[in-house]
Amino acid sequence: MRFTAAILAVGALGAATASAQEPIRIGAMYPLTGGGAVYGVPAMAGHQLAIEEINARGGVMGRKLVSVERDDKMNPAAASSTMKELITKDKVHIVVGGLASSVGLAMSEVAKQEKVVYIATIPKTIQMTTDKLHRHVFRTASHTDFEGDTMAMLVGKHKLTKLCQLQLDYAYGNDLEAGVLKALPKYAPNAKVALTLKPKLGATDFNPFIPQVMAAGCDGVVSGLWGPHFVSWVKQAKPLGFFDKIKWISGGEIASHEIAGELKDDYPDNVISNTYELWYHAQDASHKAFQEALAKKLGTPETPQWALLGYIGVHYAVAAMEKAKSTDSDAIAGALEGLTIKSPVGTLTIDPKTHQANIGQFWGPMVKKPGRAYRMMDPIEYIQPK
Amino acid sequence: MTTTMFTLNAFYGLALAMNMFIIASGLNLIFGVLRVINFAHGMFYMFGAYIIFTVTKSWGAPFFVGVLASAAGLAVIALVIERLLLRHLYGKEHLMQLLFTFAVVLLMSDAAKMIWGTDQYSVGYPAGLGGAVNLGFVVLPQYQLFLCVVGPLIAIAMWLLVDKTRAGRIVRAATQDREMLAALGVNVPMVYAAVFTIGSALAGVGGALAAPRVALVPGMDATIINECFIIVIIGGLGHMWGSFVGALAFGFVVQFGTVWAPNWQDVLPYLLMLAVLIVRPWGLFGQPESGR
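Residues numbered from 1 in each chain as written. Chains lettered and ligands numbered in written order. Predicted model: local features only at pLDDT ≥ 70, side-chain atom pairs only at ≥ 80, totals over all residues.

S.K.: For this particular structure, what's the right way to read the overall build of chain B?
M.R.: Each helix and strand counted, chain B has eleven helices and two strands in total. Order of helices (α) and strands (β) in chain B, N terminus to C terminus: α-α-α-α-β-β-α-α-α-α-α-α-α. What you see for chain B is a C-alpha radius of gyration of 19 Å, in line with the 19 Å of a compact globule of 292 residues. For the C-alpha atoms alone, the extent of chain B along its principal axes is close to 60 × 50 × 35 Å. The burial tally for chain B puts 49% of its 292 residues in the buried class. Long-range pairs, those at least 24 residues apart, make up 75% of the contacts in chain B between residues at least 6 apart in sequence. (Helix = DSSP H or I, 4+ residues; strand = E, 2+ residues; numbered from the N terminus. Rg over C-alpha atoms; globule rule 2.2 N^0.38 Å. Buried ≥ 20, exposed ≤ 12 C-beta atoms within 10 Å, placed from the backbone. Contact = placed C-beta atoms within 7 Å.)

Spelled out as structure tokens, the structure:
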């Protein structure tokens, strides 16, 4: 017992004397195993790229960055306890990451209790920046209200009138459904939702739903089926000619190259969707520089979109500390409000009231290109909230 | 529900049931003979899907070569696991075996991450099975029709093997009384190894056959193992035709249940299992333990 006390005392002394040169610890949590790893692993790669770049230019306030990386397991309960450990045991100064909306909400709750800033880099549920908003949570990803708004705009643009809505039955899907419904009267007053179906998160068998949508006679589907859900839907629906007669307007980043490059010929016609990043499209020189650095790190030019979000999260954390000239949580939170940074996809500002960054997404139809084995977005439009 | 929709739903339920039967029958066979509840069976299924991906997409082999490769790959993996590790646990407590198979899940999940990374993959339909057949009043996808043929074929093959051959007689004897079988001069450890290998190869075939219809992602093993247990428990542990009927019940309940009561889609298969357990705790085709 006395021995433990001695170690603690020495530790405290050490901390007090060395704090000037002590590195800044950034906690990062993404799903690194299980189904979410498809996104979490590339997001972590972007996170690491940002850390490496910042350390190469001398760190922050003369201090090195140390990245403390953990698996959130895409499980809210596990993520909660992991984040508490990051804060109490690893003494991180800030936490970035999360992927699933349910996990983002759980991490936000820990940030609130422990009074440590959490920057949500991927979770999209609107609740994080409305009902569940608090002093220490910020978001640098897009959100379900804006995504729903853009989808409704596209419904209006394509003059669709009879819609089938497909959403996964959890926080993200339910909130995106509400976001679409909220915006439909504005952009597409003639559009009616004839059928709403909600497969469960993680579903692999969509055969109970596909015939219902086909029988409903919709001219458009608004969907939030992301990643593997979309792929499984396509594999099961395409043989029936499902995509021949409908427009599939989708959130959930199914226009990302990860999906187009994997599905290749199986990627269906008539899909209009979004993605945070397209390796074959750079906005300007700094965007191109980011893409090249990432390509070098990952060893392929066809880089995944999720890296950008991990990358932006770190840059926001660092910019806030530099502005606050402190690693104190309240000072960081104060600095993040209204903070503007230069990101690879343009200038971003965090709204001081909602704690939401005005990040946009690339939207467009996925079309066949001569000489390419996979579909690409064309024309590409960057849609950013004002 | 119109005739068209009813036919379509019944057909989809059947196709799902047949895919599930192929996977669950392997789990059931292993339990029936070895009395080992193999938690790693879902992981074997996932490896089957990943192996066919590598063989067909990276190496360019035809689909059915890929199915055979998945079966062979899983047979080898299973044989190594059985001979080196699992055989030491026969006759030990069930808890030890459970923990062991769970450890296999963790090991293989890390191995999969090392071999295939965490990207999402998809496998194309085999040539000539990627379209649909128009029967006039209903359009059916060819690949699901194919599953509806393969499932019963595997069931019949297993029935012939287990009920009509000498090897099958030995396997059946092993489920009844392993000591007596050993006393009669049969190499029981070899029987066990063979059964574990065949059962695991079935998981590989099931994964390979599921691959064209679903996205291949890490974690695809997690739900399938639960669903296999539901099927095996409904049918009666260790009973082959029980698994067949269990799979049919599962397929139809999932398909029609999700159409009619979408809010219940998560719990319906469990409710089905619960209902069966209340009426017949030993499953539809099983026998009470005391009756053995």
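S.K.: Would you take a moment to explain the overall build of chain A for this structure?
M.R.: Secondary structure summary: chain A contains twelve helices and 15 strands in total. Considering chain A as a whole, with its 386 residues, one finds that 54% of them fall into the buried category. Across chain A, the fraction of contacts at a sequence separation of at least 24, relative to all contacts at a separation of at least 6, is 68%.

S.K.: Would you mind showing me how to read the confidence of the model for chain A here?
M.R.: Segments scoring low in pLDDT should not have their predicted coordinates read at a detailed level. Across chain A, pLDDT averages 93, with 95% of residues at or above 70. Contacts of residues 1-19 of chain A to residues separated by more than four positions or lying in other chains number zero contacts, the stretch itself having pLDDT below 50. (pLDDT = per-residue confidence, 0-100.)

S.K.: Got a minute to help me understand the nonpolar core in this structure?
M.R.: Note that soluble globular proteins tend to have their nonpolar side chains buried in a common cluster. Counting residues in each nonpolar core, the largest one holds 209 residues, and the members touching the most others are Val95 and Val155 of chain A together with Ala49 of chain B. Structurally, this core is a two-domain feature, drawing no fewer than three residues from each of domain 1 (2-142 + 285-355) and domain 2 (145-275 + 362-383) of chain A. (Core = buried A, V, L, I, M, F, W, Y, C linked by C-beta atoms within 7 Å. Domains from an automatic or database assignment.)

S.K.: Looking at this structure, how should I read the pairing of strand β2 (residues 65-71) of chain A?
M.R.: In regular strands, side chains alternate between the two faces of the sheet. Bridge analysis of strand β1 (residues 24-30) of chain A against β2 of chain A gives seven bridges, and the strand direction is parallel. Across the sheet, Ile26 of chain A pairs through a bridge with Ser67 of chain A, a residue of β2 of chain A. (Pairing = 2+ DSSP bridges.)

S.K.: Looking at this structure, I do not really get the domain arrangement of chain A. What am I missing?
M.R.: It is common to give the size of an interface as the accessible area that goes away when the parts come together. Residues and elements named next belong to chain A. Once the domains are mapped, chain A shows domain 1 (2-142 + 285-355) and domain 2 (145-275 + 362-383). Each of domain 1 and domain 2 has a C-alpha centre, and the two are 31 Å apart. For the side of domain 1 that touches domain 2, the leading source of residues is helix α4 (residues 101-114), giving three residues. When grouped by side-chain class, the residues that make up the side of domain 1 that touches domain 2 number four nonpolar, seven polar and two charged. (Nonpolar A, V, L, I, M, F, W, Y, C, P; charged D, E, K, R; others polar.)

S.K.: Sorry if this is basic, but what is going on with the interface of chain A and chain B here?
M.R.: Of the residues lining the interface, 29 residues belong to chain A; the matching set on chain B comes to 33 residues. Elements that contribute at least two residues to the side of chain A that touches chain B include exactly α2 (37-56), α7 (210-216), α8 (227-237) and α9 (257-263) of chain A. Examining the composition of the side of chain A that touches chain B, we find that six residues originate from one element, α8 of chain A, more than from any other. In terms of residue class, the side of chain A that touches chain B is built from twelve nonpolar, ten polar and seven charged.

S.K.: Where do I start with the sheet that holds strand β4 (residues 118-120) of chain A in this structure?
M.R.: Across a sheet, strands are paired by hydrogen bonds formed along the backbone, either parallel or antiparallel in direction. Residues and elements named next belong to chain A. One open sheet holds the five strands; their spatial order is β2-β1-β3-β4-β5, and the pairing between them is parallel. Single-partner strands in this sheet number two, and they are β2 and β5 (137-139). In this sheet, neighbouring strand axes are inclined to one another by 25 degrees on average, regardless of whether the strands run parallel or antiparallel. In this fold α4 packs onto β1, β3 (94-97), β4 and β5, with an angle of close to 165 degrees to the strand it touches most, β4. Contacts from helix α11 (residues 306-324) reach β1, β3 and β4 within the one sheet, and its direction differs from that of β3 by about 155 degrees. (Axes fitted to C-alpha atoms, helices over the stretch in contact; angles between N-to-C directions.)

S.K.: When you look at the packing of helix α3 (residues 76-88) of chain A against α4 of chain A in this model, what are you seeing that I'm missing?
M.R.: Helices that pack against each other are described as a pair by the angle of their axes relative to one another and the distance between those axes. All names here are of chain A. Taken N-terminus to C-terminus, the directions of α3 and α4 make an angle of 35 degrees; their axes are 9 Å apart at the nearest point. Considering how the two elements wind past one another, α3 and α4 form a crossing that is right-handed. The segment α3 lies against α4, with Pro76, Ala79, Ser80, Met83, Lys84 and Ile87 engaging Ser102, Val103, Ala106, Met107, Val110 and Glu114. Taken together, the residues of the contact of α3 with α4 sort by class into eight nonpolar, two polar and two charged. (Left-handed = near helix turned anticlockwise from the far one by under 90°.)

S.K.: Sorry, what's going on with helix α5 (residues 142-164) of chain B here?
M.R.: Think of an α-helix as turning once every 3.6 residues; residues three or four places apart then point the same way. Residue and element names in this part refer to chain B. Here α5 is 23 residues long and its end C-alpha atoms lie 32 Å apart, about the 33 Å a rise of 1.5 Å per residue gives. Residues of α5 that are buried: Tyr143, Gln144, Leu147, Gly151 and Met158. Considering only its buried residues, α5 is in contact with α1 (3-34), β2 (139-141), α8 (188-210) and α10 (240-260). (Expected span 1.5 Å × (residues − 1).)

S.K.: Can you walk me through the pairing of β3 of chain A in this structure?
M.R.: Residues and elements named next belong to chain A. Burial along β3 is two-sided: the face carrying Ile94 and Val96 and the face carrying Val95 and Gly97 are both buried. Pairing between β1 and β3: four bridges, direction parallel. In the strand pairing of β3, Gly27 is matched with Val95. As paired elements, β3 and β4 share three bridges and run parallel to each other. Bridging from a neighbouring strand, Val96 pairs with Ile119 of β4. Read from β3 through α4 to β4, the crossover connection turns out right-handed. (Right-handed = clockwise from strand over helix to strand, strands pointing away.)

S.K.: Can you help me understand the packing of helix α6 (residues 166-176) of chain B against α8 of chain B in this one?
M.R.: All names here are of chain B. Look at α6 against α8: their axes get within 11 Å of each other, and the N-to-C directions meet at 105 degrees. With respect to each other, α6 and α8 are oriented roughly perpendicular. In this structure, α6 uses Ile170, Val171 and Ala174 to contact α8, whose residues at the interface are Val188, Val191 and Val195. Grouping the constituent residues of the contact of α6 with α8 by class yields six nonpolar, no polar and no charged. (Parallel < 35°, antiparallel > 145°, perpendicular 65-115°, else oblique.)

S.K.: In this structure, what is going on with unusual backbone geometry? I would like to understand it.
M.R.: Most peptide bonds take the trans configuration, and most residues that are not glycine carry a negative phi. All names here are of chain A. Of note, the bond from Asp378 into Pro379 is cis; its omega dihedral lies within 30 degrees of zero at -5 degrees. Its place among the elements puts Pro379 in the loop between β14 (376-377) and β15 (381-383). You will see that Met61, though not glycine, has its phi angle at about 50 degrees, which is positive. With respect to the helices and strands, Met61 occurs in the loop between α2 and β2. Residue Met61 is classed as partly exposed on the basis of its C-beta count, with 14 C-beta atoms lying within 10 Å. A positive phi angle, near 65 degrees, is found at Asn270, a position not held by glycine. Residue classification places Asn270 among the partly exposed positions, given that 17 C-beta atoms sit within 10 Å.

S.K.: Just checking my understanding: could you explain the environment of Trp116 of chain B for this structure?
M.R.: Residue and element names in this part refer to chain B. Inspection of the secondary structure puts Trp116 in helix α4 (residues 94-116). In this structure Trp116 comes out as partly exposed when scored by C-beta crowding, with 17 C-beta atoms within 10 Å. Residues Trp116 and Thr3, spaced 113 residues apart in sequence, show a C-alpha to C-alpha distance of 44 Å.

S.K.: Teacher, can you tell me more about the environment of Ile81 of chain B here?
M.R.: All names here are of chain B. Among the secondary structure elements, Ile81 is positioned in helix α3 (residues 63-84). Sequence spacing of Ile81 and Thr197 is 116 residues, and the spatial spacing of their C-alpha atoms is 9.4 Å. Among all residues touching Ile81, those that are not within four sequence positions of it are Leu86 and Val104.

S.K.: Hey, could you run me through the confidence of the model for chain B in this one?
M.R.: When pLDDT is averaged along chain B, the result is 92; 99% of the residues meet or exceed 70. The ipTM, which scores confidence in the relative placement of chains, is 0.90 for this predicted complex, and the corresponding pTM is 0.90.

S.K.: Mind showing me how you'd approach the environment of Thr340 of chain A here?
M.R.: Tracing the backbone through its elements, the reader meets Thr340 of chain A in strand β11 (residues 340-343). Note: C-alpha distance between Thr340 of chain A and Tyr316 of chain A (24 residues apart in sequence) is 8.6 Å.

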